[in-house]
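Residue-level listing of the chains:
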Amino acid sequence: MLFYRLVTAMTRTQKQVVFGLIDGLAVAVSLIAAVFLEASVPASYDTFRAILWLILPLTALGVAVSWWLGLPRIKLNAYEVRSVVRTATFAALTAMLGLVLDRIQATGLPVNVYLIFGLALLVLGATWRLLLRQVTLEIYRTGTARMRLLIYGAGQTGQQLVAALRHDDKVTPVAFVDDNPTLQSLVVSGLRVHAPSKIKSLIEEKQIDRLVLAMPSISRPEQARIMHKLRNIGCEVHALPSFAELVAQGDAHKQTRTVALDQLLGRNGLDKELPGVKHAYSGRRILVTGAGGSIGSELCRQLVDCAPACVVLVDHSELALYQIDKELRDLNPSLHVVPVLGTVLNDALMRETIRKHRVEVILHAAAYKHLPMVEHNPLTGLENNVLGTKRIADAARELGVDRFILVSSDKAVRPTNVMGASKRLAELIVQDLATRSAGTRFSMVRFGNVLGSSGSVIPLFKEQIARGGPVTLTHKDVTRYFMTISEAVRLVLLAGSFARGGDVFVLDMGDPVPIRKLARQMIEGAGYTVKDRAHPDGDIEIRVTGLRPGEKLHEELLISPDMLTTPHPKILRAQENQLSEFEMATALKDLRLAIDTLDVDGARAVIARWVEKGSLLEAARRG
């Protein structure tokens with residue numbers, strides 16, 4: 001550690017001075033060695049005195065030549081063949097200067113002495129640098145933590161990687177791993193090659209920090225599959241392209257291509273067509289439930305541009321709440337942001353929050369929305385999505401909130417699953433309150449799948465493609481409506497300004513998108529080819545797994561075909577029938593009883609009775 005502190009404490013100029021002095025010492029040592037190696041020179045006192053008067057000026061000249069050639073300015077870590085040539089030039093020039101000094105001083109040493117001197121100086125000048133470089137590297141390695149690397153693939157790319165890292169003081173290659181049995185147990189580029197079966201033991205024994213996959217010749221999906229298998233080995237795993245691939249222009253077409261947004265949506269984006277909403281929220285006091293979720297967080301971001309007086313963030317996830325709170329404060333440090341850690345099921349907390357912060361607008365985005373998860377946990381999903389909506393909507397009405405907007409889903413239309421049924425019951429609650437509220441304007445926004453939201457098909461496909469496939473599809477003919485997060489959020493905000501009471505707003509999203517087509521676009525957009533019967537050598541397979549329990553083949557946006565206009569042609573309004581006040585009260589009473597008694601069958605009976613009735617009222621009226 002003493003040497004490490006000494007080396008790291010020296011400035012670059014100080015190191016150059018030391019290198020110059022060592023070159024001078026090498027001149028003196030080489031000259032003495034040359035004299036004693038030349039047999040024709042007698043080992044006498046006169047010879048030694050003559051050499052002494054020659055050494056001093058020759059050493060000074062040698063230091064000057066070394067400095068003139070820039071040898072002390074060459075970093076030890078960069079000393080290589082071209083630097084050795086410069087050292088040879090230094091030795092030759094210094095030897096010629098020695099011969100000139102010898103003739104001036106009439107020392108009488110034979111010419112052979114200076115030939116030997118030049119060779120000795122070349123060897124000594126190069127040797128001390130190489131030795132000092134190795135010592136310095138060891139000092140740095142001892143004094144600093146170095147990343148220990150295990151390289152998967154002992155081929156050309158792996159060997160090039162080892163050669164490149166030989167001079168690195170922060171990374172050290174430890175060993176190779178290779179699938180080729182003929183290479184296993186051999187030493188390649190100074191490192192032993194092991195079988196892949198020993199990876200886990202190697203990581204523990206040799207304290208490996210990172211495994212690098214250096215096999216660019218295999219296909220990218222195969223690389224992804226290997227990396228996926230190694231994900232739990234206890235260290236980081238990275239894939240390395242070949243060095244030629246990094247610079248070859250001919251391979252540019254193989255790089256990832258971005259899929260156009262219009263292709264994913266199946267239509268043109270509406271971000272620029274939807275009107276602004278600043279006037280409706282400027283100076284208002286707004287509460288957003290589910291503020292840390294995909295929709296909730298984007299709602300908060302767009303509200304920042306509306307210059308509200310206050311934004312209250314409600315979320316039951318501490319991490320999600322922390323992240324959106326920090327992000328909003330970074331976006332606008334002067335904005336009054338209030339994070340509230342809690343759930344909409346906590347009636348007392350919600351009422352106190354609304355009252356304390358004088359909330360004028362509530363954007364209710366909090367919900368359990370992942371279809372399979374809610375299907376496996378129906379009581380929890382119904383309690384959060386239905387009773388949570390009831391409690392915060394009642395609080396909004398009783399405490400005089402001006403507007404309440406429910407974020408709903410296309411799965412609420414004639415639902416075949418618990419999640420969709422819970423959202424339809426939430427809509428029925430809001431519709432019921434809208435008929436009995438003199439002050440609060442209640443409205444709902446219903447939209448399809450949101451590109452990039454958590455749990456949606458886009459992130460799932462990306463993850464599956466990243467690990468080499470297969471991409472799973474529940475049915476070859478399944479379709480869905482898609483919209484961007486910004487479109488969805490703008491629709492929510494616009495609903496607040498368009499609302500008359502009890503309205504259901506939907507966005508004209510064009511035709512539904514076939515999910516199989518979407519999967520193909522994403523695979524090809526990532527630079528892969530689809531593997532199927534027609535293309536057995538393709539990279540990634542699209543595998544059909546079957547519809548999940550409660551999943552529809554095609555989603556709908558409307559229960560009733562009757563549509564009303566809004567101030568914007570792309571936003572439509574549906575006035576759908578609802579349950580009566582008595583029916584709504586009965587449905588909620590039965591649902592609470594089922595939840596309190598953990599009666600899953602009873603909860604499903606409530607859905608079967610009341611959600612189906614609420615969905616079919618329009619058909620009965622028309623029939």
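Conventions used here
Residues numbered from 1 in each chain as written. Predicted model: local features only at pLDDT ≥ 70, side-chain atom pairs only at ≥ 80, totals over all residues. Heavy atoms only, no water. Helix = DSSP H or I, 4+ residues; strand = E, 2+ residues; numbered from the N terminus. Contact = heavy atoms within 4.5 Å. Areas by Shrake-Rupley, 256 points an atom, 1.4 Å probe, with all protein chains shown as cover. Buried < 20%, exposed > 50% of the residue type's maximum accessible area, 1.4 Å probe, protein only. Salt bridge = Lys/Arg side-chain N within 4 Å of Asp/Glu carboxyl O. Polar contact = N/O pair within 3.5 Å; in protein donor to acceptor, adjacent residues only side chain to side chain. Arc of directions from axis to C-beta. Expected span 1.5 Å × (residues − 1). Axes fitted to C-alpha atoms, helices over the stretch in contact; angles between N-to-C directions. Parallel < 35°, antiparallel > 145°, perpendicular 65-115°, else oblique. Left-handed = near helix turned anticlockwise from the far one by under 90°. Nonpolar A, V, L, I, M, F, W, Y, C, P; charged D, E, K, R; others polar. Pairing = 2+ DSSP bridges. pLDDT = per-residue confidence, 0-100.

J.: Just checking my understanding: could you explain the overall build of the protein chain for this structure?
T.: The secondary structure content of the protein chain amounts to 22 helices and 21 strands. Counted over contacts in the protein chain with a minimum sequence separation of 6, partners at least 24 positions apart contribute 76%. For the protein chain, the accessible surface area stands at approximately 30,000 Å², while carbon and sulfur atoms represent 57% of it.

J.: Even after reading the chapter, I still don't get the environment of Lys-390, so can you show me in this structure?
T.: Position of Lys-390 among the secondary structure elements: in helix α16 (residues 378-398). Looking at Lys-390, the relative accessible area reads 12%, which means it is buried. In the structure, Lys-390 is positioned 45 residues away from Leu-345 in sequence and 9.0 Å away in space, judged by C-alpha atoms. With near-sequence residues (within four places) excluded, Lys-390 lies in contact with Ile-429, Leu-433, Leu-588 and Arg-592.

J.: Any chance you could explain the pattern of salt bridges here in plain terms?
T.: Pairing of side chains with opposite charge becomes possible as their charged atoms draw close. Scanning the model with the defined rule gives 20 salt bridges in all. Residue Asp-402 is joined to Arg-403 by a salt bridge in which the shortest nitrogen-to-oxygen separation is 3.5 Å. Assessed through its relative accessible area of 22%, Asp-402 is described here as partly exposed. Close ionic contact of Asp-432 with Arg-436 constitutes a salt bridge, the shortest N to O distance being 2.7 Å. You can call Arg-436 partly exposed: its relative accessible area is 27%. Counted as one network, the salt bridges with shared partners bring together Arg-284, Glu-360, Asp-402, Arg-403 and Arg-441.

J.: Help me understand the side chain of Asp-178, please; the structure alone is not making it clear to me.
T.: One can find Asp-178 in the loop between β2 (171-177) and β3 (187-188). Within the local environment of Asp-178, its side chain forms a polar contact with the backbone nitrogen of Ala-154, the two atoms lying 2.7 Å apart. If we skip the residues at most four places from it in the chain, Asp-178 touches Gly-153, Ala-154, Gly-155, Leu-183, Gln-184, Val-193, His-194, Ala-195 and Pro-196.

J.: Hey, could you run me through helix α14 (residues 347-356) in this one?
T.: At 3.6 residues per turn, the α-helix brings residues three or four places apart onto the same side. Along α14, the residues classified as buried are Met-350, Arg-351, Thr-353 and Ile-354. Viewed along the axis of α14, the buried residues span an arc of 160°, placing them on a single side of the element. For α14, exposure combined with an orientation more than 90 degrees from the buried face picks out Ala-348 and Lys-356. Residues of α14 that are buried sit in contact with β7 (285-289), β8 (310-315), β9 (337-341), β10 (361-364) and α16.

J.: Is there a simple way to think about helix α19 (residues 485-498) in this case?
T.: Compared with the 20 Å implied by 1.5 Å per residue over 14 residues, the 20 Å span of α19 between its first and last C-alpha is a close match. Counting buried positions along α19 yields eleven of 14 residues, so the element is predominantly enclosed. Within the span of α19, buried status applies to Ile-485, Glu-487, Ala-488, Val-489, Leu-491, Val-492, Leu-493, Leu-494, Ala-495, Gly-496 and Phe-498.

J.: Even after reading the chapter, I still don't get the packing of α16 against helix α21 (residues 581-596), so can you show me in this structure?
T.: The relative placement of two packed helices is expressed as an angle between their axes plus a distance between the axes. Viewed as axis vectors pointing N to C, α16 and α21 meet at an angle of 140°, and their least axial separation amounts to 11 Å. The angle between α16 and α21 places the two elements in the oblique class. Classified by chirality, the crossing of α21 by α16 is left-handed. Residue-level inspection shows Leu-379, Leu-382, Glu-383, Val-386, Leu-387 and Lys-390 of α16 in contact with α21, the latter providing Leu-588, Leu-591, Arg-592, Ala-594 and Ile-595. Of the residues in the contact of α16 with α21, the class split is eight nonpolar, no polar and three charged.

J.: Whenever I open this one, the sheet that holds β7 confuses me. Can you help?
T.: In a beta sheet, neighbouring strands are held together by backbone hydrogen bonds and run either parallel or antiparallel to one another. One open sheet accounts for eight strands, arranged β9-β8-β7-β10-β11-β12-β17-β21; its pairing is mixed. Every interior strand has two partners, whereas the edge strands, β9 and β21 (571-574), have only one. Taking each pair of neighbouring strands and ignoring which way they run, the sheet shows an average axis angle of 20°. In this structure, β8 lies alongside β9, joined through five bridges in parallel fashion. By the bridge assignment, Asp-315 is partnered in β9 with Leu-341. Here helix α13 (residues 318-331) sits on the sheet and contacts β8 and β9; the angle it forms with β9, its principal contact strand, is near 180°.

J.: Explanation requested: the confidence of the model for the protein chain in the structure shown.
T.: Keep in mind that low pLDDT regions are not for reading the predicted coordinates in detail. Confidence in the prediction of the protein chain, expressed as mean pLDDT, is 79, and 79% of residues score 70 or more. Every residue in residues 249-258 is under pLDDT 50, and counting partners more than four places away or in other chains gives ten contacts. Low pLDDT, under 50, characterises residues 613-623; the predicted model gives this stretch 19 contacts beyond four residues in sequence or across chains.

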